[in-house]
Amino acid sequence: MGLPGLSEPSARRRWLRGMLGGMLAAGAAAQLAPAHAGCERPPAQAGGGRHRLAVALGSGGAHWPAHVGVMRAFEARGARPDLIVGTSAGAIVGALWAAGLDAAAVERAARRYRLAEALSPGWTWFGGGRDERLRTALRELLPQQPIETWPTAFAAVATDLASGGRVVIDRGDAPSAVAASACVPMAFRPVEREGRRLVDGALVEPVPVRAARSLGALRVLAIDIAYRPGDEPVGGAIDIGFQTLHIMINALIDEQLAEADVPVRLHLHPLMRDRDDYAGLLIEAAQRAIGDAWPRILG
């Protein structure tokens, strides 16, 4: 759900046993938390203004190339959103977009830094892996200036592990913000930021429509690239665990897409099945979807 490279059953099973219990507990707590719990600043003050068009890039693991397709569709039309908000994999691509990289540069960066492997296991006392490889890549790719100085407004959505509340990060250090948003619980150590331990934003807002609204978005284009409960057959206990997560996340997504002005829901997993060269297919699928939705995006 969170990071590039965790799409196929063989990869997912390597870490599920260690993280499933913690993720389910955090997800249950998050659904009971107030909508704005844990925000880094009150929603009425967030963003410092109004944004005509926001793009909310959702979580979806190895489906992340679809977000590059969104970028390409905007570039083909000479357009750019006023605000980009990302959750998990959406935060990684969204930060690069907001910082000024174009779609081709994001694709090159993904290959160069092997972002699918950026969070290699390195077990700690907490039981999760270190995220230094991802942060190193982000430090090299992103500007050193704080998020609030970037050419395009940006925010990453994470989850406060203690309270289960949503945390919208739209200022300060970008690598830690993005790493927090993409931090799979128990698989990787929580990101410490401003006295809190933060984990994957997909637990509370897999498609960050509400976060975009809280930052002053007048119109929200929501991009849903998540896995669907029917994408893989359900067999043993591990498959049942993943099916449970997918059902929970898709239920949250249904609520969040209902609040978007232009919801775009992509069913991407069948395009990947039995293929290693699927990135281009996902990019093309997203480009077509944005092209079809463009009249509605313009309002």
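In this text, all values refer to a predicted model and were calculated from it rather than measured experimentally.

## Quick word on the overall build of the protein chain
Check the secondary structure of the protein chain and you find 10 helices and 8 strands. When contacts within the protein chain are restricted to residue pairs at least 6 apart in sequence, long-range pairs at least 24 apart make up 77% of them. Accessible surface computed for the protein chain: about 11900 Å², of which carbon and sulfur atoms make up 53%.

## Quick notes on the pairing of strand E1 (residues 54–57)
What you see with E1 is no split at all: Ala 54 and Ala 56 on one side and Val 55 and Leu 57 on the other are buried throughout. Direction of pairing for E1 relative to strand E2 (residues 83–87): parallel, over a ladder of 4 bridges. Bridge pairing in E2 places Val 55 opposite Ile 84. Regarding the hand of the β-α-β motif, the stretch spanning E1, helix H2 (residues 65–76) and E2 is right-handed. Note that E1 and strand E7 (residues 220–224) share 4 bridges and pair parallel. The residue of E7 that forms the bridge with Ala 56 is Ala 222.

## Brief notes about helix H10 (residues 279–298)
For H10, spanning 20 residues, the distance from its first C-alpha to its last is 27 Å, which sits close to the expected 28 Å at 1.5 Å a residue. Bending of H10 peaks at approximately 45° at the position of Asp 292, with proline Pro 295 no more than four residues after it. All of the buried residues along H10 are Leu 282, Ile 283, Ala 285, Ala 286, Ala 289, Ile 290, Ala 293, Trp 294 and Ile 297. Tucked inside the fold, the buried residues of H10 contact H2, helix H4 (103–113), E7, strand E8 (262–265) and helix H9 (269–272).

## What about the packing of H2 against H4?
Remark: H2 packs on H4, axes separated minimally by 9 Å, with the N-to-C direction vectors making an angle of 155°. By the angle between their axes, H2 is roughly antiparallel relative to H4. Residues Val 68, Met 71, Arg 72 and Glu 75 of H2 form the contact with H4, whose participating residues are Ala 103, Ala 104, Val 106 and Glu 107. Of the residues in the contact of H2 with H4, the class split is 5 nonpolar, no polar and 3 charged.

## Some points on helix H5 (residues 132–141)
If you check which residues of H5 are buried, you get Leu 134, Arg 135, Ala 137, Leu 138 and Leu 141. Along the axis of H5, the buried positions cluster into a sector of 160°, meaning they face one direction only. Next to the buried residues of H5 lie helix H3 (89–98), H4, helix H6 (174–181) and strand E5 (191–193).

## Some points on the pattern of salt bridges
In this structure the tally under the stated criterion is 10 salt bridges. Residues Arg 228 and Asp 224 are paired through a salt bridge, measuring 2.8 Å at the closest nitrogen-oxygen approach. Overall, Asp 224 belongs to the buried group, its relative accessible area being 0%. Residues participating in the shared-partner salt-bridge network are Asp 224, Arg 228, Asp 254 and Arg 265.

## Topic: the side chain of Gln 243
Take Gln 243: it is sitting in helix H8 (residues 237–257). With residues near it in sequence (within four places) discarded, Gln 243 still touches Pro 229 and Val 234.

## A closer look at the nonpolar core
As a rule of thumb, nonpolar side chains are buried together in soluble globular proteins. If you look at the biggest cluster of nonpolar residues, it comprises 73 residues, and the most contacted ones within it are Leu 221, Ile 223 and Ile 290. Looking at this core element by element, the count peaks at 9 residues for H10. If sequence neighbours within four positions are ignored, Ile 223 has contacts with Val 55, Ala 56, Leu 57, Gly 58, His 67, Val 70, Val 207, Val 264, Leu 266 and Ile 290.

## Points about the confidence of the model for the protein chain
Chain-level pLDDT for the protein chain is 83 on average; 78% of the residues reach the 70-or-more range. Confidence over residues 41–47 falls short of pLDDT 50; this stretch has 11 contacts with residues more than four positions distant or in other chains.

## As for the pairing of E2
Here E2 lies mainly inside the structure; 5 of its 5 residues are buried. Across the two faces of E2 the burial is the same, with Leu 83, Val 85 and Thr 87 and Ile 84 and Gly 86 all buried. Inspection of the sheet shows E2 paired to strand E3 (residues 153–160) by 5 bridges, in the parallel sense. Residue pairing for E3: Leu 83 is matched across the bridge by Ala 153.

What counts, and at which threshold
- All residue numbers refer to position in the chain's written sequence, counted from 1.
- In keeping with the predicted nature of the model, local features appear solely for residues at pLDDT of at least 70, side-chain atom pairs appear and are counted solely at 80 or more, and the whole-chain, interface and lining totals rest on all residues.
- The basis for the side-chain values is all heavy atoms of the structure; hydrogens and waters are excluded.
- Counting from the N terminus, the helices are DSSP H or I runs at least four residues long and the strands are E runs at least two residues long.
- Residue contacts follow a heavy-atom distance rule, with two residues in contact if any of their heavy atoms lie within 4.5 Å.
- Here, Shrake-Rupley sampling with a 1.4 Å probe gives the accessible areas, and only protein chains in the shown set may cover a residue.
- Think of it in three bands: with a 1.4 Å probe and only protein chains considered, a residue is buried below 20% of the maximum accessible area for its type, exposed above 50%, and partly exposed in between.
- A pair of strands is considered paired only if DSSP assigns at least 2 bridges between the two.
- Look down the strands so they point away from you; if going from the first strand over the helix to the second traces a clockwise path, that crossover is right-handed.
- Under the convention used throughout, the expected extent of a helix is 1.5 Å for every residue step, that is, one less than its residue count.
- Here the bend at each residue means the angle between axes fitted to two seven-residue stretches, the one ending at that residue and the one beginning there.
- Angles shown run from 0 to 180 degrees and are taken between the N-to-C directions of axes, each axis being a line fitted to C-alpha atoms and, for helices, limited to the stretch in contact.
- Oblique is the label for every angle not falling under 35 degrees (roughly parallel), over 145 degrees (roughly antiparallel), or within 65 to 115 degrees (roughly perpendicular).
- Nonpolar residues are Ala, Val, Leu, Ile, Met, Phe, Trp, Tyr, Cys and Pro. Charged residues are Asp, Glu, Lys and Arg, and all others, Gly as well, are polar.
- By definition, the arc is the one covered by directions from the helix axis to the C-beta atoms.
- By convention in these notes, a salt bridge is any Lys or Arg side-chain nitrogen within 4 Å of a carboxyl oxygen on Asp or Glu.
- The nonpolar core is taken to be a set of buried Ala, Val, Leu, Ile, Met, Phe, Trp, Tyr and Cys residues, with the residues joined through side-chain atoms within 4.5 Å.
- For every residue, the predictor assigns a confidence score, pLDDT, that lies between 0 and 100.

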